[in-house]
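Per-entry structural report
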Amino acid sequence: MTTLAEGPEGLASVTGVLRALQFGDSMFPVGGFSFSNGVETALAEGAVHDAVTLSRWVRAATRNAATGDGVAVLHAHRAALRGDLDGVAAADRAVYVRKLNEETRTMTVRTGRKLAEAAARIVPGPMVDGWLERISTGQTAGCYPAGLGVSGVALGLAETDVFAMHQYSLAATMVGAAVRLLPLHHLAAQEVLFEVNGHCAGDYQTARGREPADMSGFAPQVDVLAAVHVRAHVRMFMN
């Protein structure tokens, strides 16, 4: 029987999996745990109240992200492979101008900067360092999806892996927030995450051929609730 550890290709694959798990983990120090991606207000307004409605809400978010931020992840990754920081910046701009409300802009810029700082320290190199410099000097916003594309290249990951990291990170953040907000069993939360993750391969096929100009998403309820959250009197999360 052949195992992954028997050859250099197998070992490289194992290393890639571990790096993807590390950088894609919801507890990786980019501040993602401070945000609920709309779950908090959805719960307050009754849109989410149990595992079934949570699953629908998270799935709507990941589907929306695949044709929006997910497209930027792929193009930033492809540009970084070419050594093209201008191409990464174009993907970054496409993300930023599509954030319709204050909190989502704050989230993507703040976590994107923290990701760039972490990558520059852990896997320094011309692309990672150059990307952080552009953010630090105000040449680009530095949104999370673009930074993930750059970081993925530095980690030696394929675009499919980086896309999966993005989608998983979003879903895991939302489910993690729900566990803190709802009377939801931890295993029920894992069932939701497992079900939502099953759509990732199909979402990649949808996103892979799109250009940044094609980035789009339609989730008016999410946008309205995000606006409501800005003025909420009591809240646990930043969005």
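What comes next is a walk through the structure. (Residues numbered from 1 in each chain as written. Predicted model: local features only at pLDDT ≥ 70, side-chain atom pairs only at ≥ 80, totals over all residues. Heavy atoms only, no water.)

Next up on the list: the side chain of T67. Mapped onto the elements, T67 comes out in the loop between α3 (51–66) and α4 (69–82). Here N64 takes part through its backbone oxygen, which lies 3.4 Å from a polar atom of the side chain of T67. For T67, the residues in contact, after removing those within four places along its chain, are T206, R210, D214, M215 and S216. (Helix = DSSP H or I, 4+ residues; strand = E, 2+ residues; numbered from the N terminus. Polar contact = N/O pair within 3.5 Å; in protein donor to acceptor, adjacent residues only side chain to side chain. Contact = heavy atoms within 4.5 Å.)

Here the focus is the nonpolar core. One finds F23, V88, L115, W131, V150 and F163 to be the most contacted residues of the largest nonpolar core, which totals 43 residues. Mapped by element, the contributors of at least two residues to this core are α1 (8–24), α4, α5 (85–96), α6 (102–122), α7 (126–136), α8 (144–154), α9 (159–181) and α11 (200–207). A total of 7 residues in this core trace back to one element, the largest contributor, which is α4. When residues no more than four places from it in sequence are discounted, the contact partners of F23 are F28, L115, A119, I122, Y144, L155 and M165. Core analysis: the next-biggest nonpolar cluster, separate from the first, contains 22 residues, A42, L54, L170 and A171 among them. (Core = buried A, V, L, I, M, F, W, Y, C linked by side-chain atoms within 4.5 Å. Buried < 20%, exposed > 50% of the residue type's maximum accessible area, 1.4 Å probe, protein only.)

Pairing between side chains becomes possible if they bear opposite charge and their charged atoms approach one another. Per the stated rule, a full pass over the model turns up 7 salt bridges. Among the ionic pairs, R78 bridges to E159, the shortest N-O distance being 2.7 Å. Residue R78 is located in helix α4, and its partner E159 is located in helix α9; the two are separated by 81 residues in the primary sequence. Judged by relative accessible area, E159 falls into the buried class, the value being 16%. Connected through salt bridges with shared partners, the residues R113, K114 and E117 form a single ionic network. (Salt bridge = Lys/Arg side-chain N within 4 Å of Asp/Glu carboxyl O.)

What follows concerns the packing of α9 against helix α10 (residues 186–197). Between α9 and α10, whose axes approach to 10 Å, the crossing angle comes to 160°. The pairing of α9 with α10 is recorded here as roughly antiparallel in orientation. The element α9 and its partner α10 pack so that their crossing is right-handed. On α10, the residues touching Y168, A171, A172, V175 and V179 of α9 are H186, A189, V192, L193, V196 and N197. (Axes fitted to C-alpha atoms, helices over the stretch in contact; angles between N-to-C directions. Parallel < 35°, antiparallel > 145°, perpendicular 65-115°, else oblique. Left-handed = near helix turned anticlockwise from the far one by under 90°.)

Take it as geometry only, folks, not as evidence of what the structure does.
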